[in-house]
Amino acid sequence: MKPTLPTLRLYRNPVSGHCHRVELFLSLLGLPFESIDVDLAQKQHKAPDFLAMNPLGQIPVLRDGELTLADSNAILVYLEARYAPGQWLPRDPVGAARVQRWLSLAAGPLAFGPAAARVVQLFKLPTDPKDAVARAEALLGLMEVELHRTPFLVGERATLADLAHYAYVARAPEGLVSLQPYPAIRAWLARVEALPGFVPMLKSPVGLAA
């Protein structure tokens, strides 16, 4: 008889790519979880009860039994080590470093490139998206080169690197960043979407806050 898994609760919002990467990994691992929507427009992420879980007031937050974790990439690393050790994050020094490089890119150029350009369009922010689009195109150019060499970002199989990048790359066109110049990236997206247990990222209409 299999032991009962601790109750997993994910505090999220469906338009967030940071949340989607955690949802995607939970689904790929086949882990049951409760999804709790956080209304960003109503600033529920800044309410005292939420700040008690994450003082930065950011989603996602994962609760696993008595453990509370914030930061999507940290959550990915935790879930891999806890529920699928060695399967999505290489344990050899070189492989681990290569995945970490992409996790750093996800927290930098991805977040401030395609993710930021998308936010400008979805929420009709009075911000010039030019710099965000330029960062997005620079990152996509790097990814295109890498994905001409290997089917996934770190070799022959999917890792946390791919999960961390999928959502904001897949929805880059919502930020007016075209994927047409990047055939290797489009093929990579299809490979990620073919993984058993894959769940798609919500497609959001432009002008979400209108």
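The coordinates are above.
Bear in mind that the values here come from a model prediction, so they are computed numbers and not experimental data.

K.L.:
How should the overall build of the protein be read in this particular structure?
P.N.:
Scanning the protein from N- to C-terminus turns up eight helices and four strands. Listing each helix as α and each strand as β along the protein from the N terminus yields β-α-β-α-β-β-α-α-α-α-α-α. Against the compact-globule benchmark of 17 Å for 210 residues, the protein has a radius of gyration of 17 Å, which places it among compact chains. Split into buried and exposed, the 210 residues of the protein put 49% on the buried side. Summarising the internal contacts of the protein: among those between residues at least 6 apart in sequence, 68% fall at separations of at least 24. About 10300 Å² of surface is accessible on the protein, with carbon and sulfur atoms providing 59% of the total. Side-chain charges in the protein split into 21 positive and 19 negative, and the spacing between the mean points of these groups amounts to 1 Å.

K.L.:
Explain the packing of aromatic side chains to me, please; I cannot follow it from the model alone.
P.N.:
For any pair of aromatic rings, the description consists of the separation of the ring centres together with the inter-plane angle of the planes. Overall, the coordinates contain two aromatic pairs when judged by the stated rule. Judged by centre distance (5.5 Å) and plane angle (75°), the ring pair of F25 and W88 falls under edge-to-face. Here F25 is found in helix α1 (residues 17-29), whereas its partner W88 is found in the loop between α3 (72-83) and α4 (93-112), with 63 residues between them in sequence. Of the residues examined, F25 reaches a relative accessible area of 0% and is grouped as buried. You can call W88 buried: its relative accessible area is 13%.

K.L.:
I'm lost on the pairing of strand β3 (residues 61-64) in this one. Help?
P.N.:
Strand residues, when the strand is regular, have side chains that alternate between the two faces of the sheet. Bridge count between strand β1 (residues 8-12) and β3: four bridges; the pairing is antiparallel. Along β3, the bridge assignment pairs Y11 with V61. Both β3 and strand β4 (residues 67-70) contribute to a ladder of four bridges, which runs antiparallel. Directly across from L62, in β4, lies its bridge partner L69. Between β3 and β4, which pair antiparallel one after the other, the connecting turn spans two residues, and G65 there sits at a positive phi close to 65°.

K.L.:
What is the right way to look at the environment of E34 in this model?
P.N.:
Take E34: it is sitting in strand β2 (residues 34-37). Setting aside its immediate chain neighbours within four residues, E34 contacts L8, R9 and L10. Looking at E34, its side chain comes within polar contact range of the side chain of R9, at 3.1 Å.

K.L.:
Any chance you could explain the pattern of salt bridges here in plain terms?
P.N.:
Two side chains of opposite charge can pair, provided their charged atoms sit close to one another. Tallied over the full model, the rule gives eight salt bridges. Residue R9 is joined to E34 by a salt bridge in which the shortest nitrogen-to-oxygen separation is 3.1 Å. Of this pair, R9 sits in strand β1 while E34 sits in strand β2, placing them 25 residues apart in sequence. Residue R9 is classed as partly exposed on the basis of its relative accessible area of 33%. Here R149 makes a salt bridge to E146, at a shortest N to O gap of 3.9 Å. Of the two residues, R149 and E146 are both situated in helix α6 (residues 130-149); the distance of three residues between them amounts to about one turn of the helix. Residue classification places R149 among the exposed residues on the basis of a relative accessible area of 60%. Linked through salt bridges whose partners overlap, the residues forming this network are R12, E23 and D37.

K.L.:
I tried to follow unusual backbone geometry on my own but got confused; where do I start?
P.N.:
Of all residues except glycine, most have a negative phi; of all peptide bonds, most are trans. The peptide bond linking I59 to P60 adopts the cis configuration, its omega dihedral lying at 0°. Counting through the fold element by element, P60 comes out in the loop between α2 (48-53) and β3. One non-glycine residue with positive phi stands out, namely D71, at about 80°. Along the polypeptide, D71 turns up in the loop between β4 and α3. Positioned with a positive phi, L176 is a non-glycine residue whose angle comes to about 65°. In this structure, L176 sits in the loop between α7 (160-170) and α8 (183-193). In this structure L176 comes out as exposed when scored by relative accessible area, which is 59%.

Calculation notes
Residues numbered from 1 in each chain as written. Predicted model: local features only at pLDDT ≥ 70, side-chain atom pairs only at ≥ 80, totals over all residues. Heavy atoms only, no water. Helix = DSSP H or I, 4+ residues; strand = E, 2+ residues; numbered from the N terminus. Rg over C-alpha atoms; globule rule 2.2 N^0.38 Å. Buried < 20%, exposed > 50% of the residue type's maximum accessible area, 1.4 Å probe, protein only. Contact = heavy atoms within 4.5 Å. Areas by Shrake-Rupley, 256 points an atom, 1.4 Å probe, with all protein chains shown as cover. Lys, Arg positive; Asp, Glu negative; His and termini not counted. Charge placed at Lys NZ, Arg CZ, Asp CG, Glu CD. Phe/Tyr/Trp six-rings, centres within 6.5 Å; stacked < 30°, edge-to-face > 60°. Pairing = 2+ DSSP bridges. Polar contact = N/O pair within 3.5 Å; in protein donor to acceptor, adjacent residues only side chain to side chain. Salt bridge = Lys/Arg side-chain N within 4 Å of Asp/Glu carboxyl O.

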